Amino acid sequence: MSESASIQMTIPNLTAMEALARRTAERVRPGDAILLEGPLGAGKTAFARAFLRALTGTPDLEVPSPTFTLVQSYDTARGPVHHFDLWRLSGPDALVELGWDDALADIVMVEWPERLGDERPGDALSIVIALGQNSGDDDARVVTLSGWPGRVP
Ligand SMILES: Nc1ncnc2c1ncn2[C@@H]1O[C@H](COP(=O)(O)OP(=O)(O)O)[C@@H](O)[C@H]1O
Ligand SMILES: [Mg+2]
């Protein structure tokens, strides 16, 4: 499979998004990066929450949006997971101060990866979430997965 291969799927509701997050959690390994793109309200944090609940085995784990702290770290069965929300990142220096380089040895999950610039990992799983169109169904999302050749969730 080539690195540029991508898969598009319709995710009809939050439950289906949580199932995708759980499948991703089954396949993740230390050193992996998961990049979550999509507009405000797309479901990036909802995905991260279900992913972290699966990896910690804690169904009611609190997973707040790290909008202001920019990063929140969790101990999980696969080692530390660092959940970033880079919307408010002021620049590349701020990313270093957040411990980005060390975090890459663990599992990183990034909302607003557009802010990474040159620091964007080339071997990441990219998850692009688009709001469903012309369905009249507010819950539908179109999700495009790329990366992780041979290991697609
Ligand atoms: N298919 C879906 N996938 C993800 N979230 C959904 C879906 N349908 C409805 N939602 C709702 O949309 C909202 C997404 O919010 P959030 O995850 O904070 O978005 P983001 O982090 O992308 O800004 C949540 O309230 C969630 O319950
Ligand atoms: Mg969010």
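Our subject is the structure listed above.
Residues numbered from 1 in each chain as written. Chains lettered and ligands numbered in written order. Predicted model: local features only at pLDDT ≥ 70, side-chain atom pairs only at ≥ 80, totals over all residues. Heavy atoms only, no water.

Remarks on the overall build of the protein chain
Then, number 1: Helix and strand content of the protein chain: 4 helices and 7 strands.
Then, number 2: Going residue by residue from the N terminus, the α and β elements of the protein chain occur as β-α-β-α-β-β-α-α-β-β-β.
Then, number 3: Whereas a compact globule of 153 residues would reach a radius of gyration of roughly 15 Å, the protein chain reaches 15 Å, a difference of no more than 12%.
Then, number 4: Put simply, the protein chain has 153 residues, and 43% of those count as buried.
Then, number 5: Accessible area for the protein chain stands at about 7900 Å²; split by element, carbon and sulfur atoms hold 49% of it.
Then, number 6: The distance from the centre of the 13 positive side-chain charges to the centre of the 22 negative ones in the protein chain is 6 Å. (Helix = DSSP H or I, 4+ residues; strand = E, 2+ residues; numbered from the N terminus. Rg over C-alpha atoms; globule rule 2.2 N^0.38 Å. Buried < 20%, exposed > 50% of the residue type's maximum accessible area, 1.4 Å probe, protein only. Areas by Shrake-Rupley, 256 points an atom, 1.4 Å probe, with all protein chains shown as cover. Lys, Arg positive; Asp, Glu negative; His and termini not counted. Charge placed at Lys NZ, Arg CZ, Asp CG, Glu CD.)

Quick word on the site of ligand 1
Then, number 1: Around ligand 1, the surrounding shell holds 15 residues, and the nearest of these are Gly 41, Lys 44, Thr 45, Ala 46 and Asp 139.
Then, number 2: The separation between a nitrogen atom of ligand 1 and a polar main-chain atom of Asn 13 is 3.2 Å.
Then, number 3: Separating an oxygen atom of ligand 1 from a side-chain N or O atom of Glu 111 is a distance of 3.2 Å.
Then, number 4: Protein chains bury 74% of the 570 Å² of accessible surface belonging to ligand 1 in isolation.
Then, number 5: Of all the secondary structure elements, the ones that give two or more residues to the shell around ligand 1 are helix H1 (14-27) and helix H2 (44-56). (Near = heavy atom within 4 Å. Polar contact = N/O pair within 3.5 Å; in protein donor to acceptor, adjacent residues only side chain to side chain.)

Examining H2
Then, number 1: The terminal C-alpha atoms of H2, which comprises 13 residues, lie 18 Å apart, in line with the 18 Å expected from a rise of 1.5 Å per residue.
Then, number 2: Listed as buried for H2 are Lys 44, Thr 45, Phe 47, Ala 48, Ala 50, Phe 51, Leu 52 and Leu 55.
Then, number 3: Those residues of H2 that are buried are in contact with H1, strand E2 (33-37), strand E3 (71-76), strand E4 (79-85), strand E5 (107-111) and strand E6 (125-131).
Then, number 4: One or two residues past the end of H2 sits Gly 57, with phi positive at roughly 65 degrees. (Expected span 1.5 Å × (residues − 1). Contact = heavy atoms within 4.5 Å.)

Topic: H1
Then, number 1: Between its first and last C-alpha atoms H1 spans 20 Å; for 14 residues at 1.5 Å apiece the expected length is 20 Å, and the two agree.
Then, number 2: Within the span of H1, buried status applies to Met 17, Leu 20, Ala 21, Thr 24 and Ala 25. Seen from one end, H1 has its buried residues packed into an arc of 145 degrees, which puts them on one side. Exposed and oriented more than 90 degrees from the buried face of H1 are Thr 15 and Glu 26.
Then, number 3: Buried residues along H1 sit against strand E1 (6-11), E2, H2, E6 and strand E7 (141-146). (Arc of directions from axis to C-beta.)

Quick notes on the coordination of the magnesium ion (ligand 2)
Then, number 1: Taken together, Thr 45 (OG1) and Glu 111 (OE) make up the full set of protein donors to the magnesium ion (ligand 2), lying 2.1 to 2.2 Å away. Placement of the pair is Thr 45 in helix H2 and Glu 111 in strand E5, with a sequence separation of 66 residues.
Then, number 2: Overall, Glu 111 belongs to the buried group, its relative accessible area being 2%. (Donors = N, O, S within 2.8 Å, 3.2 Å for Na, K, Ca; no water.)

Some thoughts on the packing of aromatic side chains
Then, number 1: All chains considered together, the criterion is met by 3 aromatic pairs.
Then, number 2: Ring geometry for Phe 84 against Trp 100: centres 5.2 Å apart, planes inclined by 75 degrees, an arrangement best described as edge-to-face. Pair noted here: Phe 84 is in strand E4 and Trp 100 is in helix H4 (residues 100-103), with a separation of 16 residues, a long-range link.
Then, number 3: In this structure, Arg 115 packs its charged tip against the face of Trp 87, placed 4.8 Å from the ring centre. (Phe/Tyr/Trp six-rings, centres within 6.5 Å; stacked < 30°, edge-to-face > 60°. Lys NZ or Arg CZ within 6 Å of the ring centre and 35° of its normal.)

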